[in-house]
Amino acid sequence: MSVNFANSRAEFAIDFGTANLRVIHRDDGVIFDEPSLCCLADGEWGPALVAAGLPASEMSERTPSGLRVRRPLKRGVLQDIGSATQLLRYAVPKVRRRPLFGTQRVIIGLPADATQAERRAMLTAAHDAGLNPLDLVPEPLAAAIGAGLAVREPRATMLVECGAGTTEVAVLSLGGICQTRALRGGGDELDRAIIDHLHFHHKLLVGRRSAERIKRALETVPASANGKCSLIEVKGRSLVSGLPTSLWIPSAEIAGVAEKHAQHIVDLVREVLGATTPELSDDIHTHGIFLTGGGAALPAIRAMIEAQTGLGVTLADTPDQCVARGLLQILRGEQIN
């Protein structure tokens with residue numbers, strides 16, 4: 001699987017992630033970056049858009065009856081064409097700086113293992129939003145380009161793209177993907193695991209936004225300091241009293257939940273390594289593994305991959321922006337390493 005790097009006809013690119021929608025312009029870079037959410041109301045002629053992007057994010061888990069917040073993508077692939085179209089229609093006017101936006105070629109990043117049905121669903125949503133025609137680019141390849149890796153060289157590059165909805169492990173060489181495996185369930189699954197852990201072990205009910213904050217705290221709060229375990233404040237509703245409450249949870253306890261999540265990623269890495277040819281394996285042994293994606297900053301992922309494979313692991317700069325940067329380079333037709 002490879003991509004044409006000299007796509008000079010395309011003016012815009014879309015990084016349609018489970019967590020965020022980013023629109024990239026060839027000249028201006030990322031010009032739209034908001035959560036991939038829509039708030040819909042039940043109407044006589046079907047669901048009507050109330051809010052999308054950042055405004056819809058503020059409404060999440062706070063809506064009254066008759067309103068619902070939807071996420072178009074689940075586990076990295078499009079599940080709701082209607083809400084995806086609504087979200088794209090929300091984004092398009094904000095970036096329509098040139099009158100011919102709807103007739104320009106647009107490229108979209110998709111998981112490398114997306115099925116034909118999943119690809120058609122994304123094409124349909126984009127077409128309905130006035131974005132036609134399209135090229136589809138594998139996200140691991142775009143992420144590797146955005147991380148500055150030598151994807152066109154005759155040597156292997158191994159990358160782990162840790163997204164909110166899917167985790168992809170890929171081996172790239174000569175501008176294409178040689179091996180790839182995907183775990184449908186990325187950072188969102190860790191959020192769910194944190195929610196379940198607090199539910200069963202502390203009788204505390206928290207929402208996804210709170211679980212996301214707890215997860216982000218693990219990226220900055222050490223498991224121990226001066227021999228004492230650090231604490232993370234968790235706010236939610238007690239299932240015992242039914243009242244709002246807060247608890248201080250040891251960071252090491254939440255880190256244990258993260259390690260169970262990271263083990264699935266390590267198993268996927270080992271599976272890809274086991275399917276890689278000897279020559280490519282030699283390159284990977286020399287250059288190591290690279291982490292990209294919004295979930296890559298979780299310390300457990302890097303530490304456990306290094307411990308269980310014996311390979312060096314490098315976290316890309318601003319890993320959550322790698323796909324967008326790669327799409328921008330493809331748009332500009334820049335020289336790819």
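Everything below is about the structure shown above.
Residues numbered from 1 in each chain as written. Predicted model: local features only at pLDDT ≥ 70, side-chain atom pairs only at ≥ 80, totals over all residues. Heavy atoms only, no water.

Secondary structure assignment for the chain yields ten helices and 20 strands. For 337 residues, the compact-globule formula gives about 20 Å, and the C-alpha radius of gyration of the chain, at 21 Å, lands near that figure. Expressed along its principal axes, the backbone C-alpha trace of the chain runs to roughly 60 × 60 × 30 Å. The proportion of buried residues among the 337 residues of the chain is 50%. Partitioning the intrachain contacts of the chain with sequence separation of at least 6 by distance along the chain shows that 62% fall at a separation of at least 24. For the chain, the exposed surface amounts to about 15,200 Å²; the carbon and sulfur share of it is 51%. Averaging the locations of the 36 positively and 37 negatively charged side chains of the chain gives two centres separated by 4 Å. (Helix = DSSP H or I, 4+ residues; strand = E, 2+ residues; numbered from the N terminus. Rg over C-alpha atoms; globule rule 2.2 N^0.38 Å. Buried < 20%, exposed > 50% of the residue type's maximum accessible area, 1.4 Å probe, protein only. Contact = heavy atoms within 4.5 Å. Areas by Shrake-Rupley, 256 points an atom, 1.4 Å probe, with all protein chains shown as cover. Lys, Arg positive; Asp, Glu negative; His and termini not counted. Charge placed at Lys NZ, Arg CZ, Asp CG, Glu CD.)

A word on the packing of aromatic side chains. Scanning the entire structure with this criterion turns up one aromatic pair. Between Phe32 and Tyr90, the aromatic rings sit 5.9 Å apart at their centres with planes inclined by 75°, giving edge-to-face as the arrangement. With Phe32 in strand 3 (residues 29-35) and Tyr90 in helix 2 (residues 81-95), the pair connects residues that are 58 residues apart, well separated along the chain. Tyr90 shares its class with Phe32; the two are buried. (Phe/Tyr/Trp six-rings, centres within 6.5 Å; stacked < 30°, edge-to-face > 60°.)

Let's shift gears to the environment of Ile214. On the secondary structure map, Ile214 appears in helix 6 (residues 208-218). Counting along the chain gives 196 residues from Ile214 to Thr18, while the straight-line C-alpha distance between them is 19 Å. With near-sequence residues (within four places) excluded, Ile214 lies in contact with Ile194, Leu198, Ile232, Val234 and Ile254.

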